[in-house]
Amino acid sequence: MSKEKGFNWKQITSHHLFMPVVCLIVVCLANVIKSPDFFKISISDNGVLYGSVIDIINRASELVILAIGMTLVTAASGGQDISVGAIMAVAAAVCCQILSGGAASTSEFQNPFILAALAGLAAAMLCGLFNGFLVAKLNIQPMVATLILYTAGRGIAQLVTQGQITYIRVDSYKVLGGYIGKCPIPTPIFAAIISVVVAYLVLNKTALGLYIESVGINGEASRLVGLNSTRIKWMAYVICGFLAGFAGLVNSSRIYSADANNIGLNLEMDAILAVALGGNLLSGGKFSLAGSIIGAFTIQALTTTLLSMNVSADQVPVYKAIVVVVIVVLQSPVFKKQMAVWKARKSSNSTEGGRA
Amino acid sequence: MGENVVLTMRDISKTFPGVKALQHVDFTLRKSEIHALMGENGAGKSTLIKVLTGVHEFQSGEIKIEGRAVINKSPQDAQNNGISTVYQEVNLCPNLTVAENLFIGREPRKMGMIDWKTMNRKSEELLRELDIDVSATQSLEECSIAIQQMIAIARAVDMQCKVLILDEPTSSLDDEEVEKLFKLMNRLKSEGVGIIFVTHFLEQVYAVCDRITVLRNGELVGEYEIGKLPRVMLVAKMMGKDFDDLADIKGEHNMQKDMSSAPVIDAKGLGHKGTIKPFDFDIRRGEVVGLTGLLGSGRSELVRAIYGADKADSGTLKVNGQEVKINTPLEAMKVGMAYLPEDRKKEGIIADLSVRENIIIAMQAKRGMFKLMSRKEMEEAADKFIAMLQVKTASRETPIKSLSGGNQQKVIIGRWLLTNPDFLILDEPTRGIDIGTKTEIQKLVLNLADEGKAVTFISSEVEEMLRTCSRMNVLRDGAKVGEIEGEDLTQENIMKTIAGGESAHE
Amino acid sequence: MGKAKSKKISSSTFLLLTTIILFVVMYAAGMIIFNDKGFAKPQMFLNLFVSNAGLLVIGCGMTIVMITGGIDISVGSVTALVCMVCAFAMERMGMNAYMAVLVALAIGLAFGVVQGYLVAYLDIQPFIVTLAGMFFGRGMTAIVSTDMIAITNETFLKWAKFHINLPFGTHNQKGEYLPAYIYPSVVVAIIVVILVSIMLKYSKFGRKLYAIGGSQQSALMMGLNVKRTKFQAYVLAGFLSGLGGFLFCLNSCAGFVEQAKGLEMDAISSAVIGGTLLSGGVGTAVGTLFGVLIKGTISSLITTQGTLSSWWVRITLSALLCFFIVLQAVIAAVKKKGN
């Protein structure tokens, strides 16, 4: 009986989502201890859901969307796209600038919203196309390649908005980052859910997921079985760019403006963290989308918690940096090997000790 | 123990996950001797060398240098203990100059700073002494591979070593350069250095060596003095007698090539610049055609050009009588080709994916991204080939990397059989796998031919090819030099053709 | 000998030459177009050094790690942290300026040691490690103080404002003689460039860096201690970013969270534009010097022009970096084909 139970336990702990879920639970528990009504959800006066959990899920939306793209890029190319934050800014800038017709502030759409949104997304995909070209075609290390847009991106966004913060003071623009009519659930959550569902369908109803893993694990073997490694990597970057653009639009809608300097600031780090926390290797290969999404919520919960503990937004990166280092150290083959040696030594010592 | 012994290795064992690379191997090297280390691919030569030089750890055994027990933890340790190595792949830094490559780590210094003048002068002297025609100040990447190899040897020589290991140094050298190398080896020998010489070339062994140690499948076959081991015996020792009971597996098969239809593959003047000169190649249904030649002769490059792994830049290719242009592997797959690459680890397996995914990946790639195979289809395909090829795996969801080499190879064969190819290219399918699996694969090849497939088989083991192939293409120096079939298909003839016309000139 | 001399120039020399020519052309163009705005004055040229002394030192550190095939993107944050801690220590804790220098160097060293250990001994991608370092440094800056702290320490300001007059100069409109000058930080930076150049060319350590960058596997096989050398490279680079951060601080005389944002990009582009290969194995401190000068020229051209916004500097620099990265990739591809 107990033996069977032990076996199940082992099955659970060895599941690839075990650690990510544990991390999420730990962060939530810390919150519950600190403020017992952490999980309380109430309906506020204006008829929308209200509570810490809702807040975290709402704010995690952009991160979830980014984490999907980051997961694919990591899996396919064994590197990360650090330009996603800047791409968000570019997409928002393009969208808002078209909506405002070039003015610094507008109270009605100068151009159709659809046109502007599509233009924003197209700009983001163009950025992804550029990153993909450098990585897949020219074989440049992903992070070096994306470093270019990481710095230039915000400059480009400022160029688009002519250095100003473009405000779109139109109620319908706020829907994507706010609420749809009387719906009590914030729209960004829907945006995240739609992104996840579409990504899930694309990855599981087409062979793209398998292709990405295959290319990420062994590019040459993949080429020889008929996969176009270059094109698949490239595709991952374009998808990542598109998703970053979408996240940028959601974020821009929240603040009904395009702030080239602050939209998506430091989010690349969060997205990378989400991927790593989700149990994915940053060196590429097999990936778990579910893990990355859980990771994204964990990171957002961590951020919200830190902020609620009066840590200023500028200081939060310190803790995240430490988490990143701990994860990559735990993931590193050298560390694992040393741990295995250490464990073996310990167990042999203990058995010898037992004999004596 | 003889007073002349400079190095002894006793009872060395080493396992890689799933492979017993070395089992209880002994090796003894004396002063002033050139000792050949022989064995087929996967025999354990390279592993033994790497254990000796501290690249790999070994599980059990003992290494003594001049009677003193040592454990080399790194190549640096080995060097400090007087063991210098020249590897098959040139291990030098292409971005540095020739002189630096000779002296790095032990540069002559003046007042704490590297004395470039002295270093360059010493290098020039060393190069002149060894008759290597290259300027010391040239950057290494501008030198030919042969020169780079000579420089690597020069570096090892200048390290004042007691043991010099030459791990297949001659595969990229021409005759004249080999001559120079031998002169050098003999000089070092006379100075008291013990030299371990690893090579594929029998001629070279008999030209320069004093003693031979033969390994097979990770085990020691024996140590022999050169005069007491005729060539034929050496080959027998290396190949082993394990195959004798299978010597005539061919007899059970009809080996009927189908002359009624156009050849499956008919290549005319196909070539790829820098790797394989334009060649003709044809194969019909029901045929097993072998490609043979020494390592680096272009046998792999030939099939890669047909398959589009290296896009052919000249010639024409007809598949089943239709002229086609193959730009990528996918296009080759679509006209019915399949290619099992030589390097299983680097080009074959997709390590972290499951056995199932590794089996279906080629089929899926052929179908295209939007036509994902259903889970059921995948599982059926995987189960079918796991059963058919008797793959030993915990389950179909086990990552392929945790299987043994032979079983990995079977999975890859299954991958290609699933695509139901007309033309199957097997490049060294039996390398580094156990004997049982080897014979299974050989039988499979013949069965496939019986079913009407055309199979091209490449192997370093000539005997293995003789047992399976009905026709052989011989390659030398990146060009096809001959074709042997029928009565002429004997080991002697093949060897002669591989060796080429030099003997006729003399 | 004649054979060696007549051989075609190597690709690394080609990259360096491209850079030097680019710099000369850009500067000459600036002198012609903005002659009326004083671009041709010697002081304008010296200002390239004056305003980029810190970057020059940091760029040298970057060159060292990039030669090994690594990268360090934490340098901007380290600079911000150094400035902030120095400012905080001198203003809020009354530390003297000499101690502040030591503190700056210690911060740089600490970053170098930790990052070097993770990269060299645990074999983690340098990018991830230093990305974490970048966020850590920036966050620590905010933990020290989220407000801007201006430095008023007298010794410090004396160092910062000390003019070293050069034996030439210009006359202003009133006809007064204005000697050309530099700051002490420029002298320090030039000394660093010279020392690093000597180290790279004439020390065993320096040559090991190149060997590792050329082929880590070969370096290992040739008996070099790859791990230790890589570790030392990161420690040295960390030290130089500490020093460079201090020079940067001498320029800004203040510490604030947003300081030196994007400096890592400037340092990387300077190195890459100066002929350092991203794949490692090639690079010189002198090349990086020219990279820094090009970066400086771009910003002076844009500021002198007057109507262009400051983000144009970043965009132009990124474009230039992109150009050089692509150029490197193309050269590598051509070389591969040639073999």
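Residues numbered from 1 in each chain as written. Chains lettered and ligands numbered in written order. Predicted model: local features only at pLDDT ≥ 70, side-chain atom pairs only at ≥ 80, totals over all residues.

Trainee: Break down the overall build of chain A for me, with residues and values.
Mentor: A count of helical and extended segments in chain A gives 15 helices and five strands. A compact globule built from 356 residues would reach a C-alpha radius of gyration of about 21 Å, and chain A, at 22 Å, matches this within 12%. In terms of its C-alpha atoms, chain A occupies a principal-axis envelope of roughly 85 × 55 × 40 Å. Buried positions account for 54% of the 356 residues belonging to chain A. (Helix = DSSP H or I, 4+ residues; strand = E, 2+ residues; numbered from the N terminus. Rg over C-alpha atoms; globule rule 2.2 N^0.38 Å. Buried ≥ 20, exposed ≤ 12 C-beta atoms within 10 Å, placed from the backbone.)

Trainee: Any details on the overall build of chain C? Residues and values, ideally.
Mentor: Counting its regular elements, chain C contains 14 helices and four strands. A compact globule built from 339 residues would reach a C-alpha radius of gyration of about 20 Å, and chain C, at 21 Å, matches this within 12%. Projected onto the principal axes, the alpha-carbon positions of chain C cover approximately 65 × 50 × 35 Å. Counting only residues that meet the buried cut, chain C has 53% of its 339 residues in that class.

Trainee: Just give me the short version of the interface of chain A and chain C, but keep the residues and values in it.
Mentor: Tallying the contact residues gives 32 residues for chain A and 32 residues for chain C. For the side of chain A that touches chain C, the secondary structure elements donating two or more residues are α7 (142–160), α14 (316–331) and α15 (333–355) of chain A. Ranked by residue count, the leading element in the side of chain A that touches chain C is α7 of chain A, at ten residues. When grouped by side-chain class, the residues that make up the side of chain A that touches chain C number 21 nonpolar, nine polar and two charged. (Contact = placed C-beta atoms within 7 Å. Nonpolar A, V, L, I, M, F, W, Y, C, P; charged D, E, K, R; others polar.)

Trainee: For the sheet that holds strand β4 (residues 166–168) of chain A, give the residues involved together with the corresponding values.
Mentor: Residues and elements named next belong to chain A. Reading across from one edge, β3-β4-β5 is the order of the three strands in this open sheet, with mixed pairing throughout. Here the strands that pair on one side only, and so sit at the sheet edges, are β3 (105–106) and β5 (257–258). Bridge count for β4 against β5 is two bridges, and the pairing is antiparallel. Note on β5: the bridge partner recorded for Tyr-167 is Ser-257. Lying on the sheet, helix α5 (residues 84–100) is in contact with β3, β4 and β5; it crosses β4 at an angle near 65°. (Pairing = 2+ DSSP bridges. Axes fitted to C-alpha atoms, helices over the stretch in contact; angles between N-to-C directions.)

Trainee: Report on the pairing of strand β6 (residues 83–86) of chain B, specifying residues and quantitative values.
Mentor: All names here are of chain B. Residues of β6 alternate between two faces, with Ile-83 and Thr-85 on one and Ser-84 and Val-86 on the opposite face, all of them buried. Bridge count between β6 and strand β9 (residues 163–167): four bridges; the pairing is parallel. Bridging across to β9, Val-86 finds its partner in Leu-166.

Trainee: Account for the sheet that holds strand β16 (residues 314–319) of chain B, with residues named and values stated.
Mentor: Residues and elements named next belong to chain B. Read from one edge of the open sheet, four strands run β14-β13-β16-β17, paired in antiparallel fashion. The open sheet is flanked by β14 (276–283) and β17 (322–324), the only strands paired with a single partner. Neighbouring strand axes in the sheet, compared pairwise and without regard to direction, differ in orientation by 25° on average. Relative to the sheet, helix α9 (residues 299–307) contacts β13 (265–272), β14 and β16, its axis offset from that of β13 by approximately 110°.

Trainee: Got a sec to walk through the packing of helix α3 (residues 42–67) of chain C against helix α8 (residues 184–202) of chain C? Specific residues and values, please.
Mentor: All names here are of chain C. At a minimum axis distance of 8 Å, the contact between α3 and α8 shows a crossing angle of 30°. With respect to α8, the element α3 is oriented roughly parallel. In the packing of α3 onto α8, the handedness of the crossing is left-handed. The residues of α8 that touch α3, namely those facing Phe-49, Val-50, Ala-53, Leu-56, Val-57 and Cys-60, are Ser-185, Val-186, Val-188, Ala-189, Val-192, Val-193 and Val-196. When grouped by side-chain class, the residues that make up the contact of α3 with α8 number twelve nonpolar, one polar and no charged. (Parallel < 35°, antiparallel > 145°, perpendicular 65-115°, else oblique. Left-handed = near helix turned anticlockwise from the far one by under 90°.)

Trainee: An account of the interface of chain C and chain B is requested, with residue identities and associated values reported.
Mentor: Taken together, the contact pairs 23 residues of chain C with 20 residues of chain B. Residue assignment for the side of chain C that touches chain B shows that the elements contributing at least two residues are α1 (2–6), α9 (204–214) and α10 (216–221) of chain C. Across the side of chain C that touches chain B, the residue classes break down as ten nonpolar, ten polar and three charged.

Trainee: Residues and numbers for α8 of chain C, please.
Mentor: Residues and elements named next belong to chain C. Here α8 spans 27 Å end to end across 19 residues, near enough to the 27 Å set by a 1.5 Å rise per residue. When α8 is considered as a whole, its buried residues turn out to be Ser-185, Val-186, Ala-189, Val-192, Val-193, Val-196 and Leu-200. Viewed end-on, α8 has its buried residues packed into an arc of 120°, placing them on one side of the element. When the buried face of α8 is taken as reference, the exposed residues oriented beyond 90 degrees from it are Ile-191, Ile-194 and Leu-195. Those residues of α8 that are buried lie in contact with α3, β3 (177–182), α9, α11 (226–252) and α13 (285–305). (Expected span 1.5 Å × (residues − 1). Arc of directions from axis to C-beta.)

Trainee: Account for the environment of Asn-218 of chain A, naming residues and giving values.
Mentor: Turning to its location among the elements, Asn-218 of chain A is positioned in the loop between α9 (208–217) and α10 (219–224). For the pair Asn-218 of chain A and Ser-229 of chain A, spaced eleven residues apart in sequence, the C-alpha separation works out to 9.4 Å. Every residue in contact with Asn-218 of chain A, bar those within four places of it in the chain, is listed here: Ile-350 and Ala-351 of chain B.

Trainee: Can you lay out the nonpolar core for me, pointing to particular residues and giving the numbers?
Mentor: Looking at soluble globular proteins, one finds that nonpolar side chains tend to be buried together. Ranked by internal contacts, the top residues of the largest apolar core, which has 367 residues, are Leu-66, Ala-67, Val-90 and Ala-91 of chain A together with Cys-86 of chain C. Counting contributing residues per domain, this core is built from domain 1 (5–239) and domain 2 (244–258 + 285–304 + 327–505) of chain B, each supplying no fewer than three. Leaving out residues up to four positions away in the same chain, Val-90 of chain A has contacts with Ala-123, Ala-124, Cys-127, Gly-153, Ile-156 and Ala-157 of chain A. (Core = buried A, V, L, I, M, F, W, Y, C linked by C-beta atoms within 7 Å. Domains from an automatic or database assignment.)

Trainee: Quick rundown of the packing of helix α5 (residues 145–157) of chain B against helix α6 (residues 175–190) of chain B? Include the residues and the values.
Mentor: All names here are of chain B. Contact geometry for α5 and α6: axes closest at 11 Å, N-to-C directions at 5°. Viewed along their axes, α5 and α6 adopt a mutual orientation that is roughly parallel. Contacts between α5 and α6 involve Ala-146, Met-150, Ile-153 and Val-157 on the former and, on the latter, Glu-177, Leu-181, Leu-184 and Leu-188. Residues that form the contact of α5 with α6 fall into these classes: seven nonpolar, no polar and one charged.

Trainee: Describe the pairing of strand β20 (residues 454–458) of chain B, naming the residues involved and giving the relevant values.
Mentor: Along any regular strand, the residues point their side chains to alternate faces of the sheet. Residues and elements named next belong to chain B. The buried fraction of β20 amounts to five of the five residues, a majority that puts the element mostly inside the structure. A two-sided burial pattern is seen for β20, the buried positions comprising Ala-454, Thr-456 and Ile-458 on one face and Val-455 and Phe-457 on the other. Two strands pair when backbone bridges link them, and strand β15 (residues 288–292) and β20 are joined in this way by four bridges, in the parallel orientation. Bridge pairing links Val-288 to Val-455 in β20.

Trainee: I'd love a proper account of the confidence of the model for chain C, names of residues and values included.
Mentor: Residue and element names in this part refer to chain C. Across chain C, the average pLDDT comes to 88, with 96% of residues at 70 or higher. Considering only residues more than four positions removed or in separate chains, one finds that residues 1–7, a stretch of pLDDT under 50, has four contacts. At the level of chain-chain contacts, confidence expressed as ipTM amounts to 0.86, with global pTM at 0.85. (pLDDT = per-residue confidence, 0-100.)

Trainee: Any chance you could break down the environment of Phe-162 of chain C for me, citing the residues and the numbers?
Mentor: Residues and elements named next belong to chain C. Take Phe-162: it is sitting in the loop between α7 (154–161) and β2 (164–171). Expressed as a C-alpha distance, the spacing of Phe-162 and Ile-182, which sit 20 residues apart in the sequence, is 8.3 Å. Excluding its chain neighbours within four sequence positions, the residues that come into contact with Phe-162 are Tyr-183 and Pro-184.

Trainee: I'd like a description of α9 of chain B, backed by residues and values.
Mentor: Taken across its nine residues, α9 of chain B has nine buried, putting it largely inside the fold. Positive phi appears at Gly-308 of chain B, one or two residues downstream of α9 of chain B, with a value of about 85°.

Trainee: Which residues make up unusual backbone geometry, and what values do they have?
Mentor: Positive phi is not limited to glycine here, since Asp-123 of chain C has a value of about 60°. Along the chain, the position of Asp-123 of chain C falls in the loop between α5 (97–121) and α6 (126–144).

Trainee: Help me get a handle on the environment of Asn-327 of chain B, residues and values and all.
Mentor: Structurally, Asn-327 of chain B is set in the loop between β17 and α10 (329–334). What Asn-327 of chain B contacts, discounting residues up to four positions off in sequence, is Gly-308 and Lys-311 of chain B.

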